[in-house]
Each structure stands twice: as C-alpha cells, then as structure tokens.
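# Chains, contacts and geometry: an overview
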Amino acid sequence: MSADGVDPAEEPRLGLLVGRVLGVAALVVGASAALFVGLGQVGEAPPVVVADGPGDPAEPDSSEPADPSPDTDGATEGTPETDAGTDPEEEPEEPGEPEEPEEPEEPEEPEEPGEPEEPEEPEEPEEPEEPERIDPGEISVQVLDGYQADGGAAADAVAAELAAAGYRIVAQNPALRYDTTAVLWTDGNQAAGEQLARDIGAAEVREQPGNLSSEVMVHVVVGADRG
C-alpha cells in the first residue's frame, strides 16, 4: 500500500474508471452542443413559398414588417383604416347632372268681385188683428163730465159722438176732475170698453174702481184734454 493509502494494484483500475467517466462527459457535452446547433439551424430555416404556377416560383417577401412606434398621444402610426365595407380600390362614382330647378307656379288671378247683394228689405211688422167688433147698439154707456170748466160742453160733444157711432147712451152726469179722458169698463165688458176707447181715441182704458153702476157696461169720464 502506498503512502496515500491506495493499493498499488488498484491504481490501473482507478485510472481506467476516471478515463471512462471523462469520456462519457465529453460525449454528453458534444451531443448537447450538436443538439443546440441543430435546433438553431432548424429555427433559421427559410420559409417555404408556394409557387403561383408550374415552373414560376414566387419570390419570398424579404421586407420586414414595420415596427410601429407609439406617438406622443399613445396612438400607433400606420396606414389609416378604411371604413367598414368599402373597397379603397373602387373608383368614386361620377356626379350626375344637377337637376333643373322647377319653375315657380304662376299665381292664380284673383276672382273679380261680384255685384254686392242687395240687402233684404226688413219685413214690416204684422198689424195685430182687430178683435171681432161688437155691435155698438148692444153697449150701454154713461158719459161723466170730469172737466166742468166749459159748462159741460166737452162732455156733451163726446156724448153726441158716441151716439152718432151707434152706442146707447143711458146717462150723463158730473164727476170728479180728470185731466185725461178715461174709459172704464164694468166687469165682464173689457172687449166693449177697449172697442169704445179705440173709436174716440182715448189712451187710458181700465176696469172701473167699483163705485160706479155695475148695470152700465162702459163709463166714459171726459177730461180736460177734451176741453
């Protein structure tokens, strides 16, 4: 045994073992290097280009894609996108001929005014129908003198007028003073009193107050207007 504790008989075997280990290590390193080289070649292989036709191979596009760089606003520079659905190669349509403006319509001529219509004449009010006339001879009358300033002349004149018209004068007497001649009819004889008032033109006609004879149909009080 040597000084370092190794048996001299074992030295040749130890050297052989070390040599084998080193050889295996060298093989592994070489195989790894070859593998890396092969992978690099595979990655750098040129792209296969399909020819457009037989016998006319197309050349590969050697241009590299542009590396867009952001501008100050953060937008990418490049070709602006076209509107969806439009083909940039299409030619713009030629503008058509402008339409001619329509001629304005001529204003209609105003109609000539017709002759003004004549206003309708207002209808004349119908005269009230005169009631059926009573025979004056059937109407008894008393003539009263309400003036007396002329000695009864006005009362006599009215009595004579009524008698001439056919009225039956039954009495003639003095009365209280009246300024306006009045015709007073007894109850039930209104039509007779209104008829007599129309005949002599007396404006006042009414029913008697009750202090005159009820046997006489109509009492006529001659007033100062007849004097």
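Higher on the page you've got the structure.
This write-up is about the structure you can find in this document. (Residues numbered from 1 in each chain as written. Predicted model: local features only at pLDDT ≥ 70, side-chain atom pairs only at ≥ 80, totals over all residues. Heavy atoms only, no water.)

## Some details on the overall build of the chain
Secondary structure summary: the chain contains three helices and five strands in total. Listing the helices and strands of the chain from first to last along the sequence gives α-β-α-β-β-α-β-β. With 227 residues in all, the chain has 17% of them scored as buried. Pairs at least 24 residues apart make up 70% of the contacts formed inside the chain by residues separated by at least 6 positions. Of the roughly 19,100 Å² that the chain leaves accessible, carbon and sulfur atoms contribute 51%. (Helix = DSSP H or I, 4+ residues; strand = E, 2+ residues; numbered from the N terminus. Buried < 20%, exposed > 50% of the residue type's maximum accessible area, 1.4 Å probe, protein only. Contact = heavy atoms within 4.5 Å. Areas by Shrake-Rupley, 256 points an atom, 1.4 Å probe, with all protein chains shown as cover.)

## Quick notes on the nonpolar core
One finds V141, L162, L196 and V220 to be the most contacted residues of the largest nonpolar core, which totals 18 residues. Among the elements of the structure, β1 (140-145), α2 (153-164), α3 (190-200) and β5 (218-222) are those that each provide at least two residues to this core. Broken down by element, this core gets its largest block of residues, five residues, from α2. Aside from chain neighbours lying at most four places away, what touches V141 is L162, Y167, R168, I169, V170, A171, L196, V216, V218 and V220. (Core = buried A, V, L, I, M, F, W, Y, C linked by side-chain atoms within 4.5 Å.)

## Side note on the environment of D156
Checked against the element boundaries, D156 lands in helix α2. Remark: the alpha-carbon pair of D156 and D145, spanning 11 residues in sequence, is separated by 8.5 Å.

## Description of α2
Under the 1.5 Å per step criterion, the end-to-end length of α2 is 17 Å for 12 residues, consistent within 8% with the ideal 16 Å. Three or more residues of α2 are buried, namely A154, A155, V158, A159 and L162. The arc that holds the buried residues of α2, viewed along the axis, is 135°, so those residues lie on one side. Where α2 is buried, its residues touch β1, β2 (168-174), α3 and β5. Of the residues one or two after α2, G166 is the one with positive phi, at around 105°. (Expected span 1.5 Å × (residues − 1). Arc of directions from axis to C-beta.)

## So, unusual backbone geometry
Positive phi is not limited to glycine here, since Q148 has a value of about 60°. Mapped onto the elements, Q148 comes out in the loop between β1 and α2. For Q148, a relative accessible area of 42% corresponds to the partly exposed category.

## Overview of the side chain of Q208
Its place among the elements puts Q208 in the loop between β4 (204-207) and β5. Side-chain polar atoms of Q208 contact the backbone nitrogen of G210, separated by 3.1 Å. Ignoring any residue separated from it by four or fewer positions in sequence, one finds Q208 in contact with L184, W185, T186, S213, S214 and H219. (Polar contact = N/O pair within 3.5 Å; in protein donor to acceptor, adjacent residues only side chain to side chain.)

## Digging into the pairing of β5
Burial within β5 is extensive, with five of its five residues counted as buried. Summarising the sheet, β1 and β5 pair through five bridges and their orientation is parallel. The residue bridging V141 from the neighbouring strand is V218, located in β5. By the bridge criterion, four bridges tie strand β3 (residues 182-185) to β5 in an arrangement that is antiparallel. Residue L184 lies in a different strand from β5, and its bridge partner there is H219. (Pairing = 2+ DSSP bridges.)

## Points about the pattern of salt bridges
Working definition: two side chains of opposite charge can pair if their charged atoms are close together. The final tally for this structure, using the stated rule, is three salt bridges. With a closest N to O distance of 1.9 Å, R206 and E204 form a salt bridge. Residue E204 is classed as partly exposed on the basis of its relative accessible area of 28%. (Salt bridge = Lys/Arg side-chain N within 4 Å of Asp/Glu carboxyl O.)

## A word on a nonpolar patch on the surface
A surface patch of nonpolar side chains, about 480 Å² in accessible area, is lined by L14, L17, V18, V21 and L22. Tracing the chain through its elements places L22 in helix α1 (residues 11-43). (Patch = residues over 30% accessible without salt bridge, like charges linked within 9 Å, V, L, I, M, F, W, Y side chains within 5 Å.)

## Some words on the pairing of β3
Residues in a regular strand point their side chains to alternate faces of the sheet. Of the two faces of β3, the one holding A182 and L184 and the one holding V183 and W185 are both buried throughout. Relative to β4, β3 is paired through four bridges, and the arrangement is parallel. In the strand pairing of β4, L184 is matched with R206. Taking the sense of rotation as the criterion, the β-α-β connection linking β3, α3 and β4 turns out right-handed. (Right-handed = clockwise from strand over helix to strand, strands pointing away.)

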